[in-house]
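Tertiary structure, described
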Amino acid sequence: MTRQSAAHPGQHNAQSSDRQESKPRVGFFVTCLVDLFRPSVGFASIRLIEDAGCEVDVPVAQTCCGQPAYNSGDRADAAKIARQVIQAFEGFDYVVAPSGSCASMLKKHYPALLEDDPAFAERAKTFSAKVHELVSFLSDVRGITSVPARLPEGTGVTYHDSCSGLRELGICTQPRTLLNSVEGIRLEEMRDNDVCCGFGGTFCVKYAEISNAIVAKKTANIIRSGADMLLAGDMGCLMNMAGKLKREGSRIEVRHIAEVLAGMTDTPAIAGTGPSDLPADNREKA
Amino acid sequence: MSAREAILSRIRTSLAVRPDDDERMSHVETRLRETPSGVIPARGQLEAGARVAIFRAMAEKVQTSVVHVETIDDVPAAVAAYLREKNLPAKIRIGADADLAGAPWQQEATLEIRKGASQGDDLVAVSHAMGAVAETGTLVLASGPDNPTTLNFLPEHHIVVIETSKIDGDLETALKRVRRHYGKGNMPRAVNMVTGPSRSGDIEQTILLGAHGPRALHVVMVG
Amino acid sequence: MQLTSNEFKRNATNALSDSQLQKALRNVESGFIGKRQSAVEALPEFDALRDSARAIKNHTLEHLDLYIEAYEKKVREAGGHVHFAETADDACQIILDICRQHSARTVTKGKSMITEEIGLNEFLEKNAIEPVETDLGEYIIQLRKERPSHIIAPAVHLNKEQVESDFRRTHTHLDAERNLAEPVSLLSEAREVLRKRYFEADIGITGANFLVAETGSSVIVTNEGNGDLTQTLGKVHVVVASIEKLVPTLEDTAQILRVLGRSATGQDMTVYTTFSTGPKRPDDPDGPDAYHVILLDNGRTAMLGTEYQDMLRCIRCGACMNHCPVYHSVGGHAYGSVYPGPMGAVLTPSLSGIEQSGHLPNASTFCGRCESVCPMRIPLPKMMRHWREREFERHLTPNTARYGLALWAFLASHPKLYRAAVSLAMPLLAWLGGTKHSMDHLPLAGGWTKYRTMPAPQGRTFVQAWARQNRAGQKTGTGR
């Protein structure tokens, strides 16, 4: 299958083996929500990483970063999963994940989780140094400041800053810089763009009423921004906000930022949000 | 074991330290002796003229009114002017402060001056601050017969006299001044650092002046 | 301290449907956050000061026994008394003894969270001594027999109509026709009523924001001046403070003061910052005849040397709850504890046990906003997670959650089983989602679908699609 023939910065001929040796090798950590619910985000991410001059591989022994266990107080299971992830991803130059919360788990929490494990303490530190969230990887590591993607002229887009990405990884200006380079985009900041959407992992079902109150404030702000499209870098947040917008009857389209940056927005949006449902035959055949 | 012993002993157990640890003791003694200043904001490190300007700006920002006179002898007239401006009776409460006492109060013939602590029925009191902090527009008042503490809180209007030469740039320097005055480790019964008139935001977060302390704070800068 | 944290969910439900409370909580969001932001932006050194403040408190905690001894010596030199109380009950008893010593009938109180923690007011009332709260917010909630809903703005959950109604109900000696429509008239009335009480009081009780070891001073910060009238007009000044309030020097106090006011209310300095040292001196024309400090443990020593030690740096500014999306939704009373919000979620289990307060560290999304604004850089989400670990170890987590997560963790550590399970589940869910790409109902997901649709998966998982693509011999990974 081929891509659009528009020039992609950094694209290399896959057959040229001596050029391949100089390309950094990225292990793609797909994250459970992207893997299970929205693979197109994974493919969009890989396109972006390849366009940034890297070679990408996907270790198939990956499942989850272990955050559900970790945040629920089950350190033992979280550590078990962490060791598995570290083993699967050793040997790459970088580990990239299309999620601030998963990347943060791998980067900021794995070393603390395994600091008392003599077999893994150092490996965890080495591993964590290689981990990056997708947008941060493109901007801060690969120096990408623009993408050749485009949206219909004047598409109003608002961006939600997911908490982990923002506060643990400092991701704030990078997505906006890249979004501003998308032709046709009109970036609209919503009020309280950096306030939690109320997902919080198991929080949204354990304290469903409170989670709903928080996401309702978020959707009110999204709608008030006047945007046609909502983007973010975390599937948990996106599923939460998309589910709420859809239930409220909104026609705002919700996607992962990777989809827009990679120019891959022809799939149905999350929860089928957007001005209309796409025809059934556009959907991935099982 | 007394509660005191129990608590101190639990602290040491929790910290896994011994009571006779000389190194720890020296850390404490050093800090108490050297009293390091820490991080001082730039706006508290200006030269004298700029300091006075910052003090005034910060004080006015919190609804303190400020006037500037040349010498302490101008204070009685400044006080009388304030009373007239605010339509207040010509009565003030004042402490035994010698500098204030030495001013020519007799020039304000109609002014009734009551001396000593306030019993709560004074509308206006006049105090002499021992220092001030430019970075926050704060006055430093020390208790004692010269400037009784009740003068700072009971009256509706509080007039405070401060020499510009005693306005320090930052909080730490102002506190060092207090330390120099009373001697290392010593303090009067109360040091009040006052920044503006009394206020409360407890009703619907609306800021209102005159909660329990003075409704108005007026500073007379001298020199 | 009477705890109702186990009723958090029910409290939260009530709070969410309380339109008056919701309106009041919007004041928290709009007021405190902006004011703090402005104050922080106006001080370039703010972050450096946070580091300095943290270092001072850490140093103090590491030498707490020695600083307590140094402090105690200076208090006694200045003519004050120092009492040690291991528990809340001990502290109450000591205070009662002091009251009895002075035949006290009425005591005025400056705003003090520690006296809420030890349940002092109820205890005094049971012993025929009347405590009169003088901080306007505390006074109002005292009339309503309520607990503070915020650690620095106790009446933040109320509107002015409610305050008016409480004043009319209680101040029956005043003209019933008087106009109390404006907040300023309520303030004036409180000023007048309380002014009398200050003079009537036998004893004035305050807390302390700081205890300064160098000089033996207690420091309070207020805006109203009520703490000062309380401690100056009473015959005796009683200070109640937990042991972590110690700081070494006057300069150290100043360092932390700079981040306290700005973080709490956006003020560079509160109106009154008072250093009190001992009783009045022989030549003082005013001031208390006696000065007593009660140093309270009540669980602090048990936090030292543990992963909760950082919580002892807390200076009770309230910034964490001012920025917390959960607090914004349900307000302080829902937490059922003296200490609400993020700091309450960490501190309450330490003081009252995790069994009684498990909801508090669990009702958090770990958004991290609290930690990002904490002037003392306390890692609040991390400590909430540690409480969840304690719960997990003790099997206090609800069974459905524990088994559900155990199943997930099991599958996640067995990739082949995981793949088998999801390759069945995802296409099924995708099919259920149909052309709407979402589901309004889904078994086991009622908590979600009650409020939102569940987005449907795309069908095949990413790993399946990737593996298929690679089997087909494609090297570039972006096709489908």
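Numbers given for residues are sequential positions, taken from 1 along each chain in its written order. For naming, the first written chain is A and the first written ligand is 1, with later ones following in the order written. Thresholds applied to this predicted model are a pLDDT of at least 70 for local features of residues and 80 or more for the giving and counting of side-chain atom pairs; totals over whole chains, interfaces and linings are not thresholded and use all residues.

What to know about the overall build of chain A
Helix and strand assignments come from DSSP, with helices taken as H or I runs of at least 4 residues and strands as E runs of at least 2, each series counted from the N terminus. Across its full length, chain A carries 14 helices and eight strands. Partitioning the intrachain contacts of chain A with sequence separation of at least 6 by distance along the chain shows that 76% fall at a separation of at least 24. Any pair of residues counts as being in contact when their C-beta atoms, constructed from backbone geometry, are within 7 Å of one another.

Overview of the overall build of chain C
Looking only at helices and strands, one finds 24 helices and twelve strands in chain C. By principal-axis analysis of the C-alpha atoms, chain C measures approximately 95 × 60 × 45 Å. Pairs at least 24 apart in sequence give 74% of the contacts found in chain C among residues at least 6 apart.

Comments concerning the interface of chain C and chain A
Counting residues at the interface gives 63 residues for chain C, matched by 71 residues for chain A. Amino acid classes used here: Ala, Val, Leu, Ile, Met, Phe, Trp, Tyr, Cys and Pro are nonpolar; Asp, Glu, Lys and Arg are charged; the rest, including Gly, are polar. When grouped by side-chain class, the residues that make up the side of chain C that touches chain A number 31 nonpolar, 21 polar and eleven charged.

Quick notes on the interface of chain B and chain C
Each partner contributes to the interface: chain B provides 66 residues, whereas chain C provides 80 residues. Secondary structure elements with two or more residues in the side of chain B that touches chain C: α1 (3-15), α2 (22-34), α6 (150-153), α7 (171-182), β9 (190-194) and β10 (199-200) of chain B. With ten residues, α1(B) is the largest single contributor of residues to the side of chain B that touches chain C. Considering only residue class, the side of chain B that touches chain C consists of 29 nonpolar, 26 polar and eleven charged. Inspection of the sheet shows β9(B) paired to strand β9 (residues 272-276) of chain C by five bridges, in the antiparallel sense. For B:Asn192, the partnering residue across the bridge sits in β9(C) and is C:Thr274. Between any two strands, pairing holds if DSSP finds at least two bridges.

What to know about the sheet that holds strand β1 (residues 25-28) of chain A
Residue and element names in this part refer to chain A. Sheet architecture is open: four strands sit in the order β2-β1-β3-β4, paired in parallel fashion. One side of each edge strand has no neighbouring strand; the edge strands of this open sheet are β2 (55-57) and β4 (131-133). Looking at each pair of strands side by side, their axes are set apart by 35° on average, direction ignored. Direction of pairing for β1 relative to β2: parallel, over a ladder of three bridges. From the neighbouring strand, Arg25 faces β2, where its bridge partner is Glu55. Helix axes use the C-alpha atoms of the stretch in contact, all axes being lines fitted to C-alpha atoms, and the angles between their N-to-C directions lie in the range 0 to 180 degrees.

Comments concerning the pairing of strand β7 (residues 236-242) of chain C
Residue and element names in this part refer to chain C. Burial analysis of β7 places seven of its seven residues in the buried class, which makes it a mostly covered element. Labels follow a simple rule on C-beta atoms placed from the backbone: if 20 or more others lie within 10 Å of a residue's own, it is buried; if 12 or fewer, it is exposed; otherwise it is partly exposed. Burial of β7 is two-sided: the residues Val236, Val238, Val240 and Ser242 facing one way and the residues His237, Val239 and Ala241 facing the other way are all buried. The sheet contact formed by strand β4 (residues 203-206) and β7 spans four bridges and is parallel. Directly across from Gly204, in β7, lies its bridge partner His237.

So, the nonpolar core
Joining buried Ala, Val, Leu, Ile, Met, Phe, Trp, Tyr and Cys residues through C-beta atoms within 7 Å gives a set, and that set is a nonpolar core. If you look at the biggest cluster of nonpolar residues, it comprises 294 residues, and the most contacted ones within it are A:Leu106, B:Val140 and C:Ile294. Those residues in contact with A:Leu106, other than ones at most four positions away along the chain, are A:Phe29, A:Cys65, A:Val85, A:Val95, A:Ala97, A:Ser128 and A:Val131.

Re unusual backbone geometry
Residue and element names in this part refer to chain C. One non-glycine residue, Ser103, lies in positive phi territory at about 50°. Along the chain, Ser103 turns up in the loop between α5 (88-101) and β2 (106-109). Given 8 C-beta atoms within a 10 Å radius, Ser103 is considered exposed. In this structure, His437 takes a positive phi of about 55° despite not being glycine. With respect to the element layout, His437 can be found in the loop between α22 (415-433) and β11 (438-439). Residue His437 is classed as buried on the basis of its C-beta count, with 26 C-beta atoms lying within 10 Å.

Section: the sheet that holds strand β6 (residues 183-187) of chain A
All names here are of chain A. Across the sheet, four strands lie side by side as β6-β5-β7-β8; this open sheet has parallel pairing. The open sheet has two edge strands, β6 and β8 (253-256), and neither has a second partner. Adjacent strand axes in the sheet meet at a mean angle of 35° when their direction is disregarded. Where helix α10 (residues 173-180) meets the sheet, its contacts fall on β5 (150-159) and β6, and the angle it forms with β6 comes to roughly 140°. Sitting on the sheet, helix α13 (residues 235-247) touches β7 (229-232) and β8, and the angle it makes with β8 is about 170°.

Focus: the confidence of the model for chain C
Residue and element names in this part refer to chain C. The predictor reports its confidence for every residue as pLDDT, a score running from 0 up to 100. Here chain C shows a mean pLDDT of 94. Residues at 70 or above account for 98%. In the predicted structure, residues 475-480 sits below a pLDDT of 50 and forms 18 contacts with residues beyond four places in sequence or in another chain. The ipTM assigned to the predicted complex is 0.97, against a pTM of 0.94.

Some remarks on the packing of α2(B) against helix α4 (residues 64-77) of chain C
Interhelical geometry of α2(B) versus α4(C) gives an angle of 50° and a closest axis separation of 10 Å. With respect to their mutual orientation, α2(B) and α4(C) come out oblique. As α2(B) runs across α4(C), the sense of the crossing is right-handed. For the pair formed by α2(B) and α4(C), the contact residues are B:Arg24, B:Met25, B:Val28 and B:Leu32 on the first element and C:Leu66, C:Tyr67 and C:Ala70 on the second. A breakdown of the residues in the contact of α2(B) with α4(C) according to their chemical character gives six nonpolar, no polar and one charged. Here the word oblique covers every angle except those under 35 degrees (roughly parallel), over 145 (roughly antiparallel) and from 65 to 115 (roughly perpendicular). Crossing chirality is assigned from the near helix's rotation relative to the far helix, an anticlockwise turn below a right angle marking it left-handed and a clockwise turn marking it right-handed.

Observations concerning the domain arrangement of chain C
How big an interface is tends to be reported as the loss of accessible area on association of its parts. Examined at the domain level, chain C breaks down into domain 1 (43-302) and domain 2 (415-471). For domain 1 of chain C versus domain 2 of chain C, the distance between C-alpha centres works out to 57 Å. The source of the domain bounds is an automatic or database domain assignment.

Digging into the domain arrangement of chain A
Residues and elements named next belong to chain A. Each domain of chain A was delimited in the assignment, giving domain 1 (17-140) and domain 2 (145-282). The C-alpha-based centres of domain 1 and domain 2 are spaced at 23 Å. With 30 residues of domain 1 in contact, the opposing surface of domain 2 contributes 26 residues. With seven residues, the top contributor of residues to the side of domain 1 that touches domain 2 is helix α3 (residues 39-51). Split into classes, the residues belonging to the side of domain 1 that touches domain 2 amount to 13 nonpolar, twelve polar and five charged.

Overview of the environment of B:Ile113
All names here are of chain B. Within the secondary structure, Ile113 is located in strand β3 (residues 112-115). Overall, Ile113 belongs to the partly exposed group, with 16 C-beta atoms counted inside 10 Å. It is 9.9 Å that separates the C-alpha atoms of Ile113 and Gly95, two residues lying 18 residues apart in sequence. The contact partners of Ile113, leaving out residues within four places of it in the chain, are Ile92, Ile94 and Trp105.

Regarding helix α12 (residues 208-224) of chain A
For α12(A), spanning 17 residues, the distance from its first C-alpha to its last is 24 Å, which sits close to the expected 24 Å at 1.5 Å a residue. Among all positions of α12(A), only A:Ile210, A:Ser211, A:Asn212, A:Ala213, A:Ile214, A:Val215, A:Lys217, A:Lys218, A:Thr219 and A:Ile222 are buried. The elements touched by buried residues of α12(A) are β5, α11 (203-206), β7 and α13 of chain A together with α1 (8-16) and α15 (325-330) of chain C. A positive backbone phi angle near 80° is found at A:Gly226, which sits one or two residues after α12(A). Given a helix with a known number of residues, its expected span is that number minus one, times 1.5 Å.

Examining the arrangement of the chains
With two pairs of chains in contact, the largest contact count belongs to chains B and C. Separated without contact, chain A and chain B have their nearest C-alpha atoms at a distance of 21 Å.

Looking at the packing of helix α5 (residues 75-89) of chain A against helix α6 (residues 100-113) of chain A
Residue and element names in this part refer to chain A. Packing of α5 against α6 brings their axes to within 10 Å, and their N-to-C directions diverge by 115°. Looking at the two axes, α5 sits roughly perpendicular to α6. As for the relative orientation of α5 and α6, their crossing is left-handed in sense. Along its contact with α5, which presents Arg75, Ala78, Ala79, Ala82 and Val85, the element α6 presents Leu106, Tyr110 and Leu113. Of the residues belonging to the contact of α5 with α6, the class tally is seven nonpolar, no polar and one charged.

Re α3(A)
All names here are of chain A. With 13 residues, α3 extends 18 Å between its outermost C-alpha atoms, agreeing within 8% with the 18 Å of an ideal straight helix rising 1.5 Å per residue. In terms of burial, α3 is largely enclosed, as 13 of its 13 residues are buried. Just downstream of α3 lies Gly53, where phi reads positive at about 90°.

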